Amino acid sequence: MSNKIFPCDVCDSDDGEEIQCISKYTKGAPIHVCRNCGFVYVRERRSFQEIADTWSNEIYSDNDENRTSAIYTAIRPAIRSRLIYILETIDAELGLKGKSLCDIGAGEGVFLDYINRLKSDVYVFGIEPSKANCELMTQLDIDNFPGTIEEYIFSLNKTSEKFDVVTISWTLEDCQDCKVMLNAANNLLKPGGHLVIGTGSRILVPYKKPLDYYVGPGEQDTHCFRFSPNSLSNLMKRTGFLPVYTNRYIDQDVLCMIGQKDSAADSLAIEKDNYQEVIDYFERWDFETDRYFNEK
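Summarised in this report is the structure supplied together with it.

Cut-offs and rules
Residues numbered from 1 in each chain as written. Predicted model: local features only at pLDDT ≥ 70, side-chain atom pairs only at ≥ 80, totals over all residues. Heavy atoms only, no water. Helix = DSSP H or I, 4+ residues; strand = E, 2+ residues; numbered from the N terminus. Rg over C-alpha atoms; globule rule 2.2 N^0.38 Å. Buried < 20%, exposed > 50% of the residue type's maximum accessible area, 1.4 Å probe, protein only. Contact = heavy atoms within 4.5 Å. Areas by Shrake-Rupley, 256 points an atom, 1.4 Å probe, with all protein chains shown as cover. Lys, Arg positive; Asp, Glu negative; His and termini not counted. Charge placed at Lys NZ, Arg CZ, Asp CG, Glu CD. Axes fitted to C-alpha atoms, helices over the stretch in contact; angles between N-to-C directions. Parallel < 35°, antiparallel > 145°, perpendicular 65-115°, else oblique. Left-handed = near helix turned anticlockwise from the far one by under 90°. Pairing = 2+ DSSP bridges. Salt bridge = Lys/Arg side-chain N within 4 Å of Asp/Glu carboxyl O.

### Observations concerning the overall build of the chain
Next up, step 1: Counting its regular elements, the chain contains nine helices and 13 strands.
Next up, step 2: Taken over C-alpha atoms, the radius of gyration comes to 19 Å for the chain, in line with the 19 Å a tight globule of 296 residues would show.
Next up, step 3: Counting the 296 residues in the chain, one finds 52% classified as buried.
Next up, step 4: Long-range contacts, defined as pairs at least 24 residues apart, comprise 69% of the intrachain contacts of the chain with a sequence gap of at least 6.
Next up, step 5: In the form shown here, the chain has an accessible surface area of approximately 13600 Å², with 48% of it arising from carbon and sulfur atoms.
Next up, step 6: Seen as two clouds, the 32 positive and the 47 negative side-chain charges of the chain have centres 3 Å apart.

Written out as structure tokens, the structure reads:
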């Protein structure tokens, strides 16, 4: 199956410029910035199913039940802690008692299990393409759907459950089409419901790691998007969400944004990033990586 070339997911512009200084970390695979709005994205992408299969079969490891050989796993303390942060932010800003919550890209169910254990009277549901992860959620008594969000939306009917809250934690950056995922989230929500996005792939903030810890070789469409606060807010508006909360992202690793379902949000103006400032940001990051982190 041939790859598809995408325009900018925020403004639909085809005018993208490759961020040249990144190519040495990706072994030549390009990552672009939109010259119109400053959004950072991978232009050439495989199908959503191929990307999901890479996550299920290569990035997650099913070789042992403790998942000690996994490239990525949510059982690690650092990842658990950021999920707790998202959970407590939701409870503080929206309140969870008596509500229903759907987690898109639920992984091993760590986040939903925390909700069950730490918060009372909440119904949780997970959508997850990895069948092995869904089996883990079933063992934790978490209702789930084994498939992609695209497949789940296709399976819906008029009587399908609607949720008070939809969460997308460290998943939006990993899908093929972020607008498809956010439109799907909108479809899952009750009128006035809330979308919560947690991500660590944020830019235009102080550097907290070497650049080669942020981008690397391999298929770049497993991490298609790199968000700034502006670009994430813009995507929410474009898909029918009014941004109502943004955390103090500037001095921590997590960017958390909450949007309320509102059909009028699409009429709001977007807030652009200057694409040249974005390129300069990565060039300075490359310089600092060479200066402080590369082995001599």
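### A few points about the packing of helix α3 (residues 77-93) against helix α4 (residues 110-118)
Next up, step 1: Running from amino to carboxyl end, α3 crosses α4 at an angle of 55°, the nearest separation of the two axes being 10 Å. Here α3 lies oblique to α4, going by the angle between them. Like other packed secondary-structure pairs, α3 and α4 cross with a definite hand, here right-handed. Contact with α3, carried on its side by Arg-80, Leu-83, Ile-84, Ile-86, Leu-87 and Ile-90, involves Val-110, Phe-111, Tyr-114, Ile-115 and Leu-118 of α4 and no other residues of that element.

### Some remarks on the sheet that holds strand β10 (residues 189-199)
Hydrogen bonds between backbone atoms are what pair the strands of a sheet, whose relative direction is either parallel or antiparallel.
Next up, step 1: Read across the sheet, seven strands follow the order β8-β7-β6-β9-β10-β13-β12 without closing on themselves; strand pairing throughout is mixed. Two strands bound the open sheet, and with one partner strand each, they are β8 (143-146) and β12 (241-246). Neighbour-to-neighbour, the strand axes of this sheet turn through a mean angle of 20°, independent of strand direction.
Next up, step 2: Looking at chain direction, β12 and strand β13 (residues 255-261) are connected through five bridges and run antiparallel. Following the sheet pairing, Phe-241 is matched in β13 by Lys-261.

### Details of the sheet that holds strand β3 (residues 32-34)
Next up, step 1: With antiparallel pairing, four strands are arranged side by side in an open sheet as β2-β3-β4-β11. At either margin of the open sheet sits one strand with a lone partner, and together these are β2 (16-18) and β11 (225-226).
Next up, step 2: Relative to strand β4 (residues 40-41), β3 is paired through two bridges, and the arrangement is antiparallel. Paired with His-32 across the strands is Tyr-41, a residue of β4.

### Details of the environment of Lys-190
Next up, step 1: As for its position among the elements, Lys-190 is in strand β10.
Next up, step 2: You can call Lys-190 partly exposed: its relative accessible area is 32%.
Next up, step 3: For the pair Lys-190 and Val-166, spaced 24 residues apart in the sequence, the C-alpha separation amounts to 9.9 Å.
Next up, step 4: Contact partners of Lys-190, with chain neighbours within four places excluded, come to Ser-100, Lys-162, Phe-163, Asp-164 and Lys-261.

### What about the pattern of salt bridges?
Next up, step 1: Applying the stated criterion across every chain yields a total of 17 salt bridges.
Next up, step 2: Where Lys-24 meets Asp-290, a salt bridge forms, and the shortest distance between an N and an O atom there is 3.2 Å. One end of the pair, Lys-24, is in helix α1 (residues 23-26); the other, Asp-290, is in helix α9 (residues 275-292), and 266 residues separate them in sequence.
Next up, step 3: Lys-24 sits in the partly exposed class, given a relative accessible area of 48%.
Next up, step 4: With its nearest N and O atoms 3.9 Å apart, the salt bridge here joins Arg-202 to Asp-253. Of this pair, Arg-202 sits in the loop between β10 and β11 while Asp-253 sits in the loop between β12 and β13, placing them 51 residues apart in sequence.
Next up, step 5: Here the residues in one salt-bridge network are Asp-12, Lys-179 and Arg-238, joined through shared partners.

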